[in-house]
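# Architecture at a glance
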Amino acid sequence: QVQLVESGGGLVRTGDSLRLSCVVSTGAFSTYSMGWFRQAPGKEREFVAAIYRRNGATYYADSVKGRFAISKHNAVTTVYLQMNNVKPEDTGVYYCAADSTLILSSIFETRAWDYWGQGTQVTVSS
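Below or above, wherever it landed, is the structure these notes cover. On a predicted model such as this, the values are computed, not experimentally measured, just so you know.

With 5 of 6 residues buried, strand β8 (residues 78–83) is to be regarded as a mostly interior element. Taken together, the 6 bridges between strand β3 (residues 18–24) and β8 define a ladder with antiparallel strand orientation. Considered in β8, the bridge of Leu20 is made with Leu81. The sheet contact formed by strand β7 (residues 68–73) and β8 spans 6 bridges and is antiparallel. Its bridge partner being in β8, His73 is matched across the sheet by Thr78. A loop of 4 residues connects β7 with β8, the two strands running antiparallel in sequence, and Thr77 in this loop sits at a positive phi of about 45°.

Written out as structure tokens, the structure is:
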């Protein structure tokens, strides 16, 4: 079993920065792909950012490219999402995801990830 716990969400203003954290309960953390997804009310869960397990390469949705950054700290099995210059359209529940086997072509697909956290709410006011 792999458990993930997100934190760091809250109410922020347009242009603000915040950092989300996800603590993962696995000793094999360094071998997992890690991702962030978000879901706005009434919408499908969508890809935000990920680190691929094989080479550590990072990937971002076009909507957040240049503003968000995903990173991880292996010693404390934590993945972060640094969110800069946030916009109202960034509002949603942000979910951390982990997977030890998914292939690169599937990294953008919600259904491909094995483990999920409960989410943390991010609300960006105008």
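Below, the discussion takes up the side chain of Thr78. Relative to the elements of secondary structure, Thr78 occurs in strand β8. Judged by relative accessible area, which is 6%, Thr78 ranks as buried. A distance of 2.9 Å separates a polar atom in the side chain of Thr78 from the backbone oxygen of Val76. When neighbours within four sequence positions are excluded, Thr78 is seen to be in contact with Ser21, Cys22, Val23, Phe29, Ser71, Lys72 and His73.

The rules we used
- Residues numbered from 1 in each chain as written.
- Predicted model: local features only at pLDDT ≥ 70, side-chain atom pairs only at ≥ 80, totals over all residues.
- Heavy atoms only, no water.
- Buried < 20%, exposed > 50% of the residue type's maximum accessible area, 1.4 Å probe, protein only.
- Helix = DSSP H or I, 4+ residues; strand = E, 2+ residues; numbered from the N terminus.
- Pairing = 2+ DSSP bridges.
- Polar contact = N/O pair within 3.5 Å; in protein donor to acceptor, adjacent residues only side chain to side chain.
- Contact = heavy atoms within 4.5 Å.

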